[in-house]
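Coordinate analysis (summary)
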There are 2 protein chains.
Amino acid sequence: MSEITRVALDAMGGDNAPGEMIKGAVEAVKQRGDIKILMTGPEELLEKALSEYTYPKDQIEIVNATEVIETAEPPVMAIRRKKDSSIVVAMNLVKKGEADAFVSAGSSGAILVGGQVIVGRIKGVERPPLAPLIPTAKGVSLLIDCGANVDARPSHLVQFAKMGSIYMENIIGKKNPTVGIVNIGAEEEKGNALVKETFPLLKECKDINFVGSVEARDIPSGAVDVVVCEAFVGNVILKLYEGVGGTLIKKIKGSMMTSLRSKIGALLVKPALKATLKDFDASEYGGAPLLGLNGLVVKTHGSSTSKEVCNSIIQCVTFKEQRINEKIRDVISPAQEEKKED
Amino acid sequence: MSEITRVALDAMGGDNAPGEMIKGAVEAVKQRGDIKILMTGPEELLEKALSEYTYPKDQIEIVNATEVIETAEPPVMAIRRKKDSSIVVAMNLVKKGEADAFVSAGSSGAILVGGQVIVGRIKGVERPPLAPLIPTAKGVSLLIDCGANVDARPSHLVQFAKMGSIYMENIIGKKNPTVGIVNIGAEEEKGNALVKETFPLLKECKDINFVGSVEARDIPSGAVDVVVCEAFVGNVILKLYEGVGGTLIKKIKGSMMTSLRSKIGALLVKPALKATLKDFDASEYGGAPLLGLNGLVVKTHGSSTSKEVCNSIIQCVTFKEQRINEKIRDVISPAQEEKKED
């Protein structure tokens, strides 16, 4: 297991780039000797920034990339035109087999497009889903898909369920994870056309632990481990999680400032409250993988700090060690002869 | 304005029926002399229960109904077969013009089906949307549609936007309410097929204040007054609101019990906290109207207490006074000759 995991890190993506990206990379290589980071971005800039840290020099290599893809740019165009951007250069390292994984806090759209166009899908995978972890009362659940490919077909959702189960079991360590499909009622006959068509297909799947529909109300309590839905609904769930949490917390804080009595109380509960709220902050759970690609692509939150970047990098090691892609390949197209053991 | 509003109340619907329904009716007629309640349910049972209250006798009338539709029953079948149920009898009163409005805390499915089948749609209305109010940082927004009719078409969403604007302006008193369509990004080119088709149609509407896409993250902060979406997404939003709120509150309460310090603090912040959480509880906002029907149909939360029932009944008066249905008729099919003034 002392194999090296090579991570291509987009040093220029996210609100806190390159500062926190670089710091996160340094933290990662200080923690683990089995990581090699290929950091993409303007060479001089990165060299200067890195020179301020002490770390095992041979574990971080700078790969020059002169352009940056901005968040607002139309992704398809950006990936096609900015061949020397930190995202495209890093993804090409994965494509060429020079890196095992890609990590970026940059433009979601560009990462999703680049993942498909540059890194490429595992044979048989129809769509690579973006699958963030969301906090629940019991720990975390995997929300799959939150990507950019809306209007999915039933066969896509079935693949999401399979890939999500593999991730949840092998990366998060949840044995035989339960799988639920997001629905507007618990009964099998409820739902929109997509859910009604997908439900019986999931029931037939032997390689997942499908438990039926999950209503949105029950997601935060941790009703299922793998929450399957198409990307539009997944996006609404992820964003509303943040939105409701954020507004509620603001309201609670405001309410505690309304009287002297509650102000004193607020001082006393503050540490406990802070820990809880952090626990329930979706952005704390680091990178969301884009599953089903020939290599691991991890999108971390745009506002990621070094801690999240470091966590995302270390997550790549587990991904490689657990041979997630080989497992996905076996489940998605089991009849294939190309049983690589590399 | 001293016209009487006649409300058909399903006394047998909801978790707390008939007790809280009856109590709510009594509270409503004690508060206002311009309400007449037609209460449906088993005559003897209701008579006995009512006899324990003092109230203006001529304002509550019992209309016998011997059957009850249970929440778990398939709605279409239940409406068709249980002709003498409290829901069907009450809805028929609206259909026959003997009542202006219908209020129930019973089976959502049966109310949605009955609303369309018995009460009937206003001419030109393609689908009657269920439109609950949801709490936001700024007050409330109207979430339209949360009903049972999923897989909507663009023309439905346009009608939802128009009807929702009328309701928000005339019932809630929000002048020129802003309208947003739920989307996975702020840009016009984002979205699924339904949203992409609907967006330009909403932009063309002269009778609404359309402000573009609204991301789920921004709904709780009150970014728009009327939140337009198809029912599957609306249901996910409504339920997740409850779910995230509920889980977060449980976690916060739990965290305050972890140390002596925070326990004392909890005692001090309790009243302020309680008020805030109540403020942010979707179930506090009483009835959700099913808009676009020949009469008002209001679905109150299944766990409604007398207070919510009373509020929902009084809401019917405003609905009649503000001539909401006439306004909907004018906007949906302005060319029609039937300009009733009754």
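Scroll up to find the structure this text is about.
Quick caveat: nothing in here was measured; it's all calculated off a predicted structure.

On to the relation of the copies chain B and chain A. Under the fitted operation, chain B is carried onto chain A by 0.0 Å of movement along the axis and a turn of 180 degrees, and the coordinates agree to an RMSD of 0.0 Å. Taken together, the rotation angle and the small translation identify this as a two-fold axis. Relative to the rotation axis, the closest C-alpha in chain B is found at G265(B), a distance of 1.9 Å.

We now examine the pairing of strand β6 (residues 139–144) of chain B. Residue and element names in this part refer to chain B. Bridge count between strand β5 (residues 133–136) and β6: four bridges; the pairing is antiparallel. From the neighbouring strand, T136 faces β6, where its bridge partner is G139. The turn linking β5 back onto β6 is made up of two residues. Bridging between β6 and strand β9 (residues 226–228) involves three bridges; their strand directions are parallel. Along β9, the bridge assignment pairs L143 with V227.

Together, R80(A), R81(A), K83(A) and K95(A) line one region of the surface with positive charge. Given the relative accessible area of 55%, K83(A) is considered exposed.

Another point: the interface of chain B and chain A. The interface of chain B with chain A comprises 52 residues on the first partner and 52 residues on the second. Both faces considered, chain B and chain A share a buried interface measuring about 4700 Å² in area, 75% of it formed by carbon and sulfur atoms. The interface formed by chain B and chain A holds four salt bridges in total. In this structure, K239(A) and E215(B) form a salt bridge, with 2.5 Å as the shortest nitrogen-oxygen distance. Seen at the junction of chain B and chain A, the total is ten residue pairs in polar contact (both at pLDDT 80 or more). The set of elements that each furnish at least two residues to the side of chain B that touches chain A consists of β7 (178–183), α7 (193–204), α8 (231–255) and α9 (260–279) of chain B.

Parameters and conventions
Residues numbered from 1 in each chain as written. Chains lettered and ligands numbered in written order. Predicted model: local features only at pLDDT ≥ 70, side-chain atom pairs only at ≥ 80, totals over all residues. Heavy atoms only, no water. Least-squares fit on C-alpha atoms with pLDDT ≥ 70 in both. Pairing = 2+ DSSP bridges. Helix = DSSP H or I, 4+ residues; strand = E, 2+ residues; numbered from the N terminus. Patch = residues over 30% accessible without salt bridge, like charges linked within 9 Å, V, L, I, M, F, W, Y side chains within 5 Å. Areas by Shrake-Rupley, 256 points an atom, 1.4 Å probe, with all protein chains shown as cover. Salt bridge = Lys/Arg side-chain N within 4 Å of Asp/Glu carboxyl O. Lys, Arg positive; Asp, Glu negative; His and termini not counted. Charge placed at Lys NZ, Arg CZ, Asp CG, Glu CD. Buried < 20%, exposed > 50% of the residue type's maximum accessible area, 1.4 Å probe, protein only. Contact = heavy atoms within 4.5 Å. Buried area = accessible area lost by both parts, 1.4 Å probe. Polar contact = N/O pair within 3.5 Å; in protein donor to acceptor, adjacent residues only side chain to side chain.

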